[in-house]
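Topology and contacts: notes
Each chain is listed here by its residues.
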Amino acid sequence: MSLLPQLLFTGIGIGSIYAMVALGFVLLIRSANVVNFAQGEFSMLGAYAMVILLTGFGLNYFVSLGLAVVCMAVFGVIFASITYWPLRDRGQIPVIISTIGATILLSNLILATYGPSPEVLPGLFDGAGFLVGNVFMDSQYLTIIAVTAVLVGLQYLIFEKTMVGKKLQATSQDKEMASLLGIPVIAMIFGTFAYSAALGGLAGILVAPILFVSVGIGPLIALKAFAANIIGGFGSIPGAICGGLIIGIVETLGATYISVPYKDAFAFLMLLAVLLVRPQGLFGERIAEKA
């Protein structure tokens, strides 16, 4: 029982990564009405960009971090130009297939370039952490939780309190009407792809000191973030956050008390349980209203 607070802290830390990537899913669902299965690859590319800038070019940590995030934002625009824009009028399925194809291509490009060996990325702080009672507050997990909290607050303000958020939602619901009302639909969509890619890249950079940088980091994060979206309610910002945290805590507790090899399976067992009890997800009312 004394181990429980430590496990909850760790679960919240890793769950924050899933929540951050899940927010990227939500952004694109709300603005472009698209499910981007390459969201996990954004995390992988962000982590590799950080490794290249930090260890390859020897740049300062914060400079490398900023440049990696900017590079990911630019990549998001390029990604949208190739995978989304040419197929935007053909429905959701072609776009989804296009993002899945991009996922395979990006993974294989990284594998061919850097090989299967994982790269090591140091954390933001030199110190490992400190004790609070019986709980060791790992500095990297604290950084992840703090950054996620700031981004969640920022995203809530953008969507719920600003005109930009209203325009993004209007673009998602009816692009033609939004365009007639003077909303720059194209800029809204490409801007969302840029922000979503930057968000995914930042998540990859934050989690890399814990999981290492490898070609397998993207799909694993993407699948759990997507499961978090469904658990929380498709397209719901509070749902994505709660879903991510729930998955992080459940898999941490499951790995400790039941089985480490089946750690990744607990997230999807949780997903099945939620779908059986509440198919629309924990915060699924908003989707029902849209329908």
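Everything numeric in this text was worked out from a predicted model, so none of it was measured.

1. A look at the pattern of salt bridges
For the structure shown, the criterion picks out 2 salt bridges. Residues Lys224 and Asp264 are paired through a salt bridge, measuring 2.5 Å at the closest nitrogen-oxygen approach. With a gap of 40 residues between them, Lys224 in helix 9 (residues 217-232) and Asp264 in helix 11 (residues 263-277) connect regions that are remote in the sequence. Residue classification places Lys224 among the buried residues on the basis of a relative accessible area of 1%.

2. Some remarks on the nonpolar core
Across soluble globular proteins, nonpolar side chains have a tendency to be buried as a group. Within the largest apolar cluster, 80 residues are counted, with the highest numbers of intra-cluster contacts made by Leu121 and Phe193. The biggest single contributor to this core is helix 1 (residues 4-32), with 14 residues. Contact partners of Leu121, with chain neighbours within four places excluded, come to Met50, Val51, Leu54, Ile205, Ala208, Pro209 and Val213.

3. Quick notes on the confidence of the model for the protein chain
Summary statistics for the protein chain give a mean pLDDT of 85 and a share of 96% for residues scoring 70 or more. The least confident element of the protein chain, judged by mean pLDDT, is helix 12 (residues 285-290) at 50; the most confident is helix 3 (residues 61-84) at 93. Here residues 287-291 is modelled with pLDDT under 50, and outside its nearest four sequence neighbours on either side it reaches 3 contacts, counting other chains as well.

4. Quick notes on the pairing of strand 2 (residues 135-138)
Covered by surrounding structure in strand 2 are Val135 and Met137 only, the residues Phe136 and Asp138 on the alternate face being uncovered. With 4 bridges connecting them, strand 1 (residues 129-132) and strand 2 associate as antiparallel partners. Paired with Gly129 across the strands is Asp138, a residue of strand 2. In this antiparallel pair of consecutive strands, strand 1 and strand 2, the connection spans 2 residues, and Gly133 shows a positive phi of 65 degrees.

5. Let's talk about the packing of aromatic side chains
Under the counting rule described, the total for this entry stands at 12 aromatic pairs. Centroid distance Trp85 to Phe190: 5.5 Å. Interplanar angle 55 degrees. Geometry classified as tilted. One end of the pair, Trp85, is in the loop between helix 3 and helix 4 (92-114); the other, Phe190, is in helix 8 (residues 185-211), with 105 residues separating them in the sequence. Judged by its relative accessible area of 24%, Trp85 is partly exposed. In this structure Phe190 comes out as buried when scored by relative accessible area, which is 16%.

6. A few points about helix 4
Relative to the 33 Å expected for 23 residues at 1.5 Å per residue, helix 4 spans 33 Å between its end C-alpha atoms, a close match to the ideal helical length. The inward-facing, buried residues of helix 4 abut helix 2 (39-56) and helix 3. The first or second residue beyond helix 4 is Gly115, which carries a positive phi of 75 degrees.

7. Side note on helix 5 (residues 139-161)
Here helix 5 is 23 residues long and its end C-alpha atoms lie 32 Å apart, about the 33 Å a rise of 1.5 Å per residue gives. Turning to helix 5, its buried residues number three or more, namely Ser139, Gln140, Tyr141, Thr143, Ile144, Thr148, Leu151, Val152, Gln155 and Phe159. Regarding helix 5, its N-cap is Asp138, as a side-chain oxygen of that residue lies 2.8 Å from the backbone nitrogen of Gln140 further along.

8. Describing the packing of helix 10 (residues 237-257) against helix 11
Contact geometry for helix 10 and helix 11: axes closest at 8 Å, N-to-C directions at 130 degrees. One finds that helix 10 runs oblique with respect to helix 11. The two elements helix 10 and helix 11 cross, and the hand of that crossing is right-handed. Counted together, Ile246, Ile247, Val250, Glu251, Gly254 and Ala255 of helix 10 and Lys263, Asp264, Phe266, Ala267 and Met270 of helix 11 form the full contact between these two elements. Its residues placed into classes, the contact of helix 10 with helix 11 shows 7 nonpolar, 1 polar and 3 charged.

9. Observations regarding the environment of Ala68
Its location among the elements puts Ala68 in helix 3. Measuring from C-alpha to C-alpha, the distance between Ala68 and Glu160 comes to 28 Å, with 92 residues separating the pair along the chain. Those residues in contact with Ala68 that lie beyond four places of it in its chain are Gly46, Ala49, Met50, Leu53 and Ile205.

10. Some thoughts on unusual backbone geometry
Phi angles above zero are rare outside glycine, and Phe212 is one such case at about 70 degrees. The topology assignment puts Phe212 in the loop between helix 8 and helix 9. On the accessibility criterion, Phe212 (41% relative accessible area) is partly exposed.

Calculation notes
- Residues numbered from 1 in each chain as written.
- Predicted model: local features only at pLDDT ≥ 70, side-chain atom pairs only at ≥ 80, totals over all residues.
- Heavy atoms only, no water.
- Salt bridge = Lys/Arg side-chain N within 4 Å of Asp/Glu carboxyl O.
- Helix = DSSP H or I, 4+ residues; strand = E, 2+ residues; numbered from the N terminus.
- Buried < 20%, exposed > 50% of the residue type's maximum accessible area, 1.4 Å probe, protein only.
- Core = buried A, V, L, I, M, F, W, Y, C linked by side-chain atoms within 4.5 Å.
- Contact = heavy atoms within 4.5 Å.
- pLDDT = per-residue confidence, 0-100.
- Pairing = 2+ DSSP bridges.
- Phe/Tyr/Trp six-rings, centres within 6.5 Å; stacked < 30°, edge-to-face > 60°.
- Expected span 1.5 Å × (residues − 1).
- Polar contact = N/O pair within 3.5 Å; in protein donor to acceptor, adjacent residues only side chain to side chain.
- Axes fitted to C-alpha atoms, helices over the stretch in contact; angles between N-to-C directions.
- Parallel < 35°, antiparallel > 145°, perpendicular 65-115°, else oblique.
- Left-handed = near helix turned anticlockwise from the far one by under 90°.
- Nonpolar A, V, L, I, M, F, W, Y, C, P; charged D, E, K, R; others polar.

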